[in-house]
Structures are given as structure tokens and as C-alpha cells.
Amino acid sequence: MDAKGLILDRVDQQGEELCYIAKEIWDHPQIALEETFASQLLAEKLAADGFDISWGAGGMPTAFVAEWGEGAPLIGFLGEYDALPGLSQELSSEKSPLHPGGPGHGCGHNLFGTACMASAMALKTVMQQGGIKGRIRFYGCPAEETLVGKTFMARDGVFDDLDAAISWHPGDSNITWNGSSLAMNSFRVNFYGVAAHAGGSPWLGRSALDGVMLMDAGVNYMREHVPPESRIHSVVTSGGQAPNVVPAFAQVWYFVRAPHREQVEEMYRWMSDIAKGAALMSGTRHEIEFLTGCYEILPNDVMSDLLYEKMAEIDDMRFSDQEREFAKALQESFPEGSVKRGFDWAQISSSAQLESADIDDPLWERVLPHSPTPPLLGGSTEVADVSWITPTGQITTTCWPLGTPGHSWQTVASSGSSIGNKGMIFAAKTMALAGFDLVTKPELLAEAKAEFERARAGRAYVSPLPPEATPK
């Protein structure tokens, strides 16, 4: 059996156990920085397969690095496993929380980390049997949903010696990510005033809430003068406790996003000045609490082409009639327009010739070629930080029905089903095959690195985190 056959056979042999692990993580969802169950389960499995485990990367107890092999090259697989708050859901096509208010895997990360683990182990098997030199690393990355995990791991330098990195994400189609994303800063602004009786002696008080509201007004005026693709969104996390008490404390939490890191930093400086002005106008004091920041994805066509080639080679994803019925039932619960939006996005992000009949297919099995004009994603990911450190490739496979809303109970239900499992197995095979080519074809890796250096154009990765920032 050739190397490709060995890798595919190894993943298939693991299939039942991989589905069990993914379901166990689904059954025990834990939010960012609390993922003790998932991280321990994956680390134990990798350790049993001969990987050396080290804990605490980036100062996070649920982060770990598993390594096997010796020499060069060094290929990394980026795994995630955090859940989202408030999305507890039974394995059902109707909304039915298992634990009302509890967390759930509304982004499919129970599948995410498991597939990357499977890829690392399958690649290890073929390298070991063939006496192939090189090293494999699995990165157990917590807190992706809060954009904390990889940014703090990157600040610690754990990706610095990688020759290339591979990752994936569950989705509603089989496609390679060859576009970019938005860079982002996440920060809170705390305003401190003076409490007073709002009716009896308001002149003795200084309202911290006034500081928040004045800042938000200033930010809204700023929106006219930032790049059109930018995004600024916020929530007031604390605005006082009673109308008849002048609030002594108030807090607003911002996400600011833009296509390039430099734009985010400029917008952040401007917003910092607005905060100062709001404090002066309201007679309050303010502090900025910087939580995290990330870069935009640096695409790498060599990595994208490689991953597409491997997906197209395998192309073995097939769904049953029962799975299609479940997917259709989930689609019926989607907000109006979700399926059409999913169809439209597939056309934008691929060069496939899609037919009107495709929109009626709830589960897409075919592999879509990526777009010659890469799209800009509206969200952010700290995979982007890794992409500025080493050549990085990422795929999406069909784990959810077409048009599934992100971070929804429907995503949770599909991620816990056999639909999600099939997407996970397909992703594991694709990533392992790509990893094998990177290990055994030095000219391919050299091409990826050359493109990476051209794209960086002399710009080195500098962590967006201030030295005093801690994971939270």
C-alpha cells in the first residue's frame, strides 16, 4: 500500500473512535479557557500514540503542544475545542436545550480538534513506517471564540519554528480558504465617576454612564471616516444599577475590525483619544482594558492549491437519505434567507458553476474549487496570527446543512450528528495527505515559503498584545 493509501486507511481505522471522541467533547462542552475535558482527552490520546505533551502554552492551563519525530521539516496542525455560552442543544431538529443557559458547540469545535489530532496521528504512522524524517506538532488551542488562544500562544513564540501550518473549520461546503479576514482588537473601556442622589443632589455626582454614552457618540461620528470594510460593534456591560443613583462605574466593550492590522491600530488610537475626550466631558476617569487582538489572514496560494488538490483526490463524502432528511428539517428552522445567503456565499468564495438546483440540496458533497478572486471574510480569526508567522492553509468541509447560521443551536445539533462526523473524517484525510506532501516534497515547501515571504514584504509579525495582557 502506498503512502496515500496508508494515510486514508489509518484515518478510516480510527473512524469509530474519532466519532466517539468528538461526541464526548460535544457532550461535555466548556467555554473559552475552561476546556479541561476536551484538552485532556485529546492530549491523552496523542500521548498514547507516542507524542510528547507539554502544557500551558501562552499562560493558559488548557493549552498544550504535542510533538513527535525528529529533524526537519516541522509541520503543525492547529486544533480547537472551546464551546459557546448559552447554546446547549439536544441532538434534535427542534430547539431543545439539554441544559438551559448552558454552553454548546455552536461552531463545531468538538469536530475541529479531533480531526486535527487524527491528521497528526495518521501522518505519524506513514512517516514512522517509511522511516521519513521530520516532526509533527499538534497545537491544542483554547479560547478561539474569544480570539485569545493562538494570539497568546504566538506571543510566547510556540509557532516560530514551524515550516508550515494546516488547519480547518466545519462549515456547509467543501472548500479551501484562499481569502483573507478582518484584523481585530477587543478592549473594554472603564469609566469611574462619583455616585450621588440623582434627584436630590445630582450636581455632586459625576456619571460614569455619561462617559460611556459620550464615547459611543464620538465613535459613531468616527464611523464616517474609517475604511468601508471596517466594523465597530459594542455592548454596554455595566451602566449603573438604579436610575436614582448617579452611576459611579460604567463599562463599554468594543470589537474594532478592519482589513489590515495597521488600520485596526489606527482606529484603536483614535478610539483611545475619544475615550479621553469622553472622560474630560463627563468629569470622570477612564481606563482601557486591552483584551486581545489579531491580524488578518495572510493567504498562501501554494498551501490552498495543495489542500484543494487533496480534497479533490479523496472526494469520498456521501450522505444518507436519513442525514438529508435531518438536514432539511434543520433548514426549516433557519431564519428567512439563510439558505440563499449560504448559496450566494458559495458562489462568491468558489469558481464552481452552481446551478439553481444546488440550493435545494441541503448537504453538499462535492469539492468546490476556490475563487480566483479571493473573498474578504467579515469575521476574524487568530489563525491569521499563525499565517503571519509561517505558511498556513485552511479548509472547510460540509458538517452542517447549507446556510446554517453560525453560532446557532442548529450548528450544535449538526455538529453532534453523523453529518458532522463525515465532514470531520474528510477533513482529517485531506490535512494528513497535505502534511505528507509538505514533509516529503522539499520543493513544495520551498514554494510555500517563498510566497509567504513575498506576501509579508518585509513586515515581521509583532504581537498585538501589550506585555501586561493576560488571557481572560
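Please read all numbers here as calculations on a predicted model, not as lab measurements. (Residues numbered from 1 in each chain as written. Predicted model: local features only at pLDDT ≥ 70, side-chain atom pairs only at ≥ 80, totals over all residues. Heavy atoms only, no water.)

**Student:** Can you walk me through the environment of Gly 101 in this structure?
**Tutor:** Inspection of the secondary structure assignment puts Gly 101 in the loop between β3 (74-80) and α3 (109-130). Taking the relative accessible area as the measure of exposure, Gly 101 reaches 69% and is therefore exposed. With 14 residues separating them along the chain, Gly 101 and Leu 87 place their C-alpha atoms 6.9 Å apart. (Helix = DSSP H or I, 4+ residues; strand = E, 2+ residues; numbered from the N terminus. Buried < 20%, exposed > 50% of the residue type's maximum accessible area, 1.4 Å probe, protein only.)

**Student:** Would you mind going over the pattern of salt bridges with me for this structure?
**Tutor:** Opposite charge on two side chains permits them to pair, given that their charged atoms come into close proximity. Across all of its chains, the model carries 29 salt bridges by this definition. We note a salt bridge from Lys 150 to Glu 382, for which the minimum N-O separation is 2.8 Å. You can see Lys 150 sitting in helix α4 (residues 149-155) and its partner Glu 382 sitting in the loop between β11 (367-368) and α10 (383-387), a full 232 residues away along the chain. Assessed through its relative accessible area of 0%, Lys 150 is described here as buried. Three or more residues are tied together by salt bridges with common partners; here these are Lys 4, Glu 309, Lys 310, Glu 313, Asp 437 and Lys 441. (Salt bridge = Lys/Arg side-chain N within 4 Å of Asp/Glu carboxyl O.)

**Student:** Would you mind showing me how to read helix α9 (residues 338-349) here?
**Tutor:** Side chains that are three or four residues apart share a direction in an α-helix, a result of its 3.6 residues per turn. Compared with the 16 Å implied by 1.5 Å per residue over twelve residues, the 16 Å span of α9 between its first and last C-alpha is a close match. The set of residues buried in α9 consists of Ser 338, Val 339, Gly 342, Phe 343, Ala 346 and Ser 349. Angularly, the buried residues of α9 cover 140° about the axis, an arc narrow enough to put them on a single face. Summarising the contacts, the buried residues of α9 are in contact with β6 (174-177), α8 (321-331) and β11. (Expected span 1.5 Å × (residues − 1). Arc of directions from axis to C-beta. Contact = heavy atoms within 4.5 Å.)

**Student:** Looking at this model, I keep getting lost on α3. Mind explaining?
**Tutor:** Given a rise of 1.5 Å per residue, 22 residues ought to cover 32 Å, and the 32 Å separating the end C-alpha atoms of α3 matches this to within 8%. Where burial is concerned, most of α3 is hidden: 19 out of the 22 residues are buried.

**Student:** I'm lost on the side chain of Arg 257 in this one. Help?
**Tutor:** Relative to the assigned elements, Arg 257 resides in strand β9 (residues 249-258). No salt bridge forms around the buried Arg 257; measuring N to O, its nearest opposite-charge neighbour Glu 144 is 8.6 Å away. Looking at Arg 257, its side chain comes within polar contact range of the side chain of His 233, at 3.1 Å. Ignoring anything within four residues of it in the chain, the contact list for Arg 257 reads Leu 182, Ala 183, Met 184, Ser 230, Arg 231, His 233, Val 264, Met 267, Gly 378, Gly 379 and Ser 380. (Lys, Arg positive; Asp, Glu negative; His and termini not counted. Polar contact = N/O pair within 3.5 Å; in protein donor to acceptor, adjacent residues only side chain to side chain.)

**Student:** For this particular structure, what's the right way to read the pairing of strand β5 (residues 164-171)?
**Tutor:** In summary, the side chains of a regular strand alternate between the two faces of the sheet. For β5, the tally of buried residues reaches eight of eight residues, placing the bulk of the element in the interior. Where β3 and β5 come together, three bridges link them in parallel fashion. By the bridge assignment for β5, Phe 77 is matched with Ile 166. In this structure, β5 lies alongside strand β12 (residues 392-398), joined through seven bridges in parallel fashion. Paired with Ser 167 across the two strands is Gln 394, which belongs to β12. (Pairing = 2+ DSSP bridges.)

**Student:** Teacher, can you tell me more about the packing of aromatic side chains here?
**Tutor:** Within a pair of aromatic rings, the relevant descriptors are the distance that separates the centres and the angle that separates the planes. Inspection of every chain in the model, using the stated rule, returns 13 aromatic pairs. A centroid spacing of 6.4 Å and a plane angle of 10° characterise the contact between Phe 64 and Tyr 81, whose relative ring orientation is stacked. Placement of Phe 64 in strand β2 (residues 64-70) and of Tyr 81 in the loop between β3 and α3 is noted, with a sequence separation of 17 residues between them. Across the pair, exposure class does not vary: Phe 64 and Tyr 81 are buried alike. Among the aromatic residues, those joined into a cluster by ring pairs are Trp 55, Phe 64, Tyr 81 and Phe 138. The positively charged end of Arg 261 is found above the aromatic ring belonging to Tyr 295, 5.8 Å away from the centroid. The ring of Tyr 192 carries Arg 285 above its face, with NZ or CZ at 4.3 Å from the centroid. (Phe/Tyr/Trp six-rings, centres within 6.5 Å; stacked < 30°, edge-to-face > 60°. Lys NZ or Arg CZ within 6 Å of the ring centre and 35° of its normal.)

**Student:** Is there a simple way to think about the packing of helix α7 (residues 301-314) against helix α12 (residues 418-440) in this case?
**Tutor:** A pair of packed helices is captured by two measures, namely the crossing angle of their axes and the spacing between those axes. Close contact between α7 and α12 brings their axes to 9 Å; oriented N to C, the two are set at 125°. On the basis of their axis angle, the class for α7 and α12 is oblique. As α7 packs across α12, the resulting crossing turns out to be right-handed. Residues Met 303, Leu 306, Leu 307, Glu 309, Lys 310, Met 311, Glu 313 and Ile 314 of α7 pack against Phe 426, Lys 429, Thr 430, Leu 433, Ala 434, Asp 437 and Leu 438 of α12. Taken together, the residues of the contact of α7 with α12 break down into nine nonpolar, one polar and five charged. (Axes fitted to C-alpha atoms, helices over the stretch in contact; angles between N-to-C directions. Parallel < 35°, antiparallel > 145°, perpendicular 65-115°, else oblique. Left-handed = near helix turned anticlockwise from the far one by under 90°. Nonpolar A, V, L, I, M, F, W, Y, C, P; charged D, E, K, R; others polar.)

**Student:** Would you mind showing me how to read unusual backbone geometry here?
**Tutor:** Glycine aside, residues mostly have negative phi, and peptide bonds are mostly found in the trans state. For the peptide bond that leads from Ala 72 to Pro 73, omega is 0°, which places it in the cis range. Within the secondary structure, Pro 73 is located in the loop between β2 and β3. The backbone of Leu 33 shows a phi angle near 70°, a positive value even though the residue is not glycine. Along the chain, the position of Leu 33 falls in the loop between α1 (3-27) and α2 (36-48). Although it is not a glycine, His 407 sits at a positive phi angle of roughly 55°.

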